[in-house]
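Report on the structure
Now for the letters of each chain:
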Amino acid sequence: MPRRTGAELHFVERGEGTPVLALHGWTPDHRLMLGCLEPVFAGRPGYRRLYPDLPGMGKSPAPETITGSDGMLAAVLDFVDDHLADEPFLLVGESYGGYLARGLARARREQVLGLALICPVGVALEHAERRVPARQVLRPDPELLASLDAWTAEQFASVSVVQTPTTLRRTREEVIAGLAVADTGALARIRRNWALGENPEDGEPFTRPALILAGRQDDSVGYLDQFALLPHYPRASYAVLDVAGHNLQIEQPELFGALVGEWLDRVAAG
């Protein structure tokens, strides 16, 4: 099949069985989704997990031909063609990756067995237009922040709702590590054309099992704009988790694992 872009996406693969494609958010890399989902699949054999770095992030270069989100989605479609062909797969997207995942589900409606969105960008793409709560830290730890270098402390403090050694470790390993290697020049170019040319929710509804998770204290994408997605996903469970921000899988890991596991059960039953 002819390729749409010249992008070659670096990826990490785990397990065998039904494919699961996981798309991370803006600026981090595949380590975000690896840390997010591998604990869920530790006790669930039979799944082949694919964790790509999106163009301009991690180890995936962003060719000059990728000038916006349409190019990002085209690169993901190339990845699907290269590594999955026409095999049915499950799709998981986090934040901006959730936006791309919705576009991919629209483009490959018959191939996507189920869709899970974690703190996804909702109906309002630009931050200034989103309905988000005020910044709030429910479980602060000033001594922990004081022990960090200034850059790490700033990154952790800007997103954390729960500040503990465990959430710090995971944020460092799964989120901040990706921020440090992102191609900021390429991302600035792509950011200028951030909206997909076709609204992911245009056309026929996605009628397979879906899951939409939002953090009650998420001041990045909020939790209200995601509720407006529900008419397009009639088989979606929608949950807003308290004591959780934009990295809810880190701050509410047990509840996150239970909800994703239930979604996997619904997909398998179908």
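Residues numbered from 1 in each chain as written. Predicted model: local features only at pLDDT ≥ 70, side-chain atom pairs only at ≥ 80, totals over all residues. Heavy atoms only, no water.

Here we come to the packing of helix α1 (residues 31-41) against helix α6 (residues 165-179). One way to put it is that α1 packs onto α6 with a least axis distance of 7 Å and a crossing angle of 150°. Taken together, α1 and α6 sit at an angle that is classed as roughly antiparallel. When α1 is examined against α6, the residues Arg 31, Leu 32, Gly 35 and Cys 36 are found in contact with a partner set consisting of Arg 170, Glu 173, Glu 174, Val 175, Ala 177 and Gly 178. Class assignment of the residues belonging to the contact of α1 with α6 gives a composition of four nonpolar, two polar and four charged. (Axes fitted to C-alpha atoms, helices over the stretch in contact; angles between N-to-C directions. Helix = DSSP H or I, 4+ residues; strand = E, 2+ residues; numbered from the N terminus. Parallel < 35°, antiparallel > 145°, perpendicular 65-115°, else oblique. Contact = heavy atoms within 4.5 Å. Nonpolar A, V, L, I, M, F, W, Y, C, P; charged D, E, K, R; others polar.)

The subject of this paragraph is the side chain of Asp 78. Within the fold, Asp 78 resides in helix α2 (residues 69-83). Taking relative accessible area as the criterion, Asp 78 reaches 1% and is therefore assigned buried. With residues up to four places along the chain from it excluded, the contact list for Asp 78 reads Arg 3, Arg 4 and Thr 5. (Buried < 20%, exposed > 50% of the residue type's maximum accessible area, 1.4 Å probe, protein only.)

What follows covers the packing of aromatic side chains. According to the stated counting rule, one finds eight aromatic pairs in the structure shown. Taking the centre distance of 6.3 Å and the plane angle of 45° together, the rings of Tyr 96 and Tyr 99 count as tilted. Pair noted here: Tyr 96 and Tyr 99 are both in helix α3 (residues 96-107), with a separation of three residues, about one helical turn. Since its relative accessible area comes to 1%, Tyr 96 is described here as buried. Joined through ring pairs, the aromatic side chains of Trp 26, Tyr 96, Tyr 99 and Trp 194 make up one cluster. Looking at Arg 191, its charged tip hangs above the ring of Trp 194, at a distance of 3.7 Å from the centre. (Phe/Tyr/Trp six-rings, centres within 6.5 Å; stacked < 30°, edge-to-face > 60°. Lys NZ or Arg CZ within 6 Å of the ring centre and 35° of its normal.)

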